[in-house]
Amino acid sequence: MYCGASGSYSVDRSWSKAQGGGHMDDLTGKVAVVTGAASGIGRGMAEAFLDAGMRVVLSDVEVAALHATTAELRTAGADAHAVVADVSAPDDVTTLAEATLEKYGAVHVLCNNAGVYAGSRPSWDSTLDDWEWILGVNLMGVVHGHSIFLPIMIEQGEDAHIVNTASLAAVVGGSSLYGATKSAVLALSETAYRELVDGDFKPRVSVLIPGVVDTNIFDSERNRPNRFADVGPRPAGWNVEAARKAFAHGTSPRVIGEQVVQAIHEERFYVLTHPEWKGHIEHRMRQIINGDNPTRLPPPGL
């Protein structure tokens with residue numbers, strides 16, 4: 001029996017006690033749930049899971065794009081199902097879990113991927129609406145995924161995996177509100193991983209740390225709810241078009257999805273998609289260890 005924010009939901013299956021984790025070598029027939037799946041990295045992961053023989057529930061707050069993406073995948077022969085959900089709302093995530101169990105009877109992989117970008121203005125120039133919107137999606141969306149899906153995964157007693165999407169901003173520092181939320185996702189992921197291992201539970205966790213990927217993250221305002229209408233000022237010199245162009249030449253989301261599948265097979269926690277940034281991560285860690293004040297290196301190749 002699953003008890004969530006909108007009530008209880010039971011599935012007729014034989015449960016086994018969860019003991020220890022195991023590698024998910026064969027994903028054929030397993031069920032994946034991907035949030036933020038209508039486009040970008042979420043869609044890339046969904047495509048990679050489908051190619052691995054999985055059944056996939058795609059979820060997004062952008063209704064038209066979600067249904068268009070799901071229809072396109074189904075036309076190509078995929079076993080895919082769409083569920084509209086706002087991950088910042090626990091009732092929506094509960095509905096997503098219930099719909100997944102109703103459709104497929106289990107969930108083996110959860111990708112807490114939905115995320116938004118609230119601009120690059122200084123933190124003190126950001127409004128409370130900026131903070132509440134980005135925290136609700138980027139951080140609380142992951143919290144809701146953990147609190148609602150992990151009990152189901154543990155009770156199933158089968159190998160399972162959660163993938164939380166963080167960012168290079170979580171390990172190299174900066175990026176104002178976005179970096180703050182992604183740093184929190186990284187910390188939560190590390191905590192959950194240790195809790196599951198120490199508790200001898202089967203589900204495992206990975207944290208996805210992508211760099212420049214071909215997504216529409218800089219168009220996040222298209223999905224900003226009216227209740228968070230108070231937007232902070234755009235900083236002088238900020239050119240969102242230049243950022244869009246840079247990301248348009250980034251890594252394909254499908255490549256990121258394939259890296260995620262490999263990390264699940266290997267039960268690998270850190271999924272650093274752009275290893276050319278390792279020097280920047282080391283630079284930050286050395287500053288912390290040495291007690292130095294923060295400085296930033298130029299991007300790789302510059």
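Refer to the preceding data block for the structure.
Residues numbered from 1 in each chain as written. Predicted model: local features only at pLDDT ≥ 70, side-chain atom pairs only at ≥ 80, totals over all residues. Heavy atoms only, no water.

Chemist: Go over helix 1 (residues 40-51), please, and point to the residues and values.
Modeler: With twelve residues, helix 1 should reach 16 Å at 1.5 Å per residue; the first-to-last C-alpha distance of 17 Å fits that figure. Counted residue by residue, helix 1 has eleven buried out of twelve residues, so it is predominantly covered. The complete set of buried residues in helix 1 reads Gly40, Ile41, Gly42, Arg43, Gly44, Met45, Ala46, Glu47, Ala48, Phe49 and Leu50. Just downstream of helix 1, Gly53 is the residue with a positive phi angle, here 90°. (Helix = DSSP H or I, 4+ residues; strand = E, 2+ residues; numbered from the N terminus. Expected span 1.5 Å × (residues − 1). Buried < 20%, exposed > 50% of the residue type's maximum accessible area, 1.4 Å probe, protein only.)

Chemist: Report on the sheet that holds strand 9 (residues 270-272), specifying residues and quantitative values.
Modeler: With parallel pairing, seven strands are arranged side by side in an open sheet as 5-4-3-6-7-8-9. Only two strands of the sheet have a single partner each, and these edge strands are strand 5 (80-84) and strand 9. Along the sheet, successive strands turn relative to each other by an average axial angle of 15°, direction set aside. Sheet topology note: the strand 8 (residues 204-209)/strand 9 ladder contains three bridges and is parallel. In the sheet register, Ile209 faces strand 9, and the bridge partner there is Leu272. (Pairing = 2+ DSSP bridges. Axes fitted to C-alpha atoms, helices over the stretch in contact; angles between N-to-C directions.)

Chemist: Explain empty space enclosed by the protein to me, and be specific about the residues and the numbers.
Modeler: If you walk through the whole model with that rule in mind, you get two cavities of 30 Å³ or more. Considered as a void within the structure, the second largest cavity measures approximately 30 Å³ in volume. Taken together, Thr35, Val87, Asn112, Asn113, Ala114, Val137, Gly141 and Val142 make up the lining of the second largest cavity. A per-element tally of the lining of the second largest cavity places helix 4 (residues 128-156) first, with three residues. In the lining of the second largest cavity, the residues fall into four nonpolar, four polar and no charged. (1 Å grid on protein atoms, 1.4 Å probe; cavity = no way out; pocket = protein on both sides within 12 Å on 5 of 7 lines; lining within 4 Å. Points joined across faces, edges and corners; volume = space filled by probe spheres on them. Nonpolar A, V, L, I, M, F, W, Y, C, P; charged D, E, K, R; others polar.)

Chemist: For helix 6 (residues 176-198), give the residues involved together with the corresponding values.
Modeler: The terminal C-alpha atoms of helix 6, which comprises 23 residues, lie 33 Å apart, in line with the 33 Å expected from a rise of 1.5 Å per residue. Listed in full, the buried residues belonging to helix 6 are Leu177, Tyr178, Gly179, Thr181, Lys182, Val185, Leu186, Ser189, Ala192 and Leu196. The secondary structure elements touched by the buried residues of helix 6 are helix 4, strand 7 (161-165), helix 5 (169-172), strand 8 and strand 9. Following helix 6 by one or two positions, Asp200 has its phi on the positive side, about 60°. (Contact = heavy atoms within 4.5 Å.)

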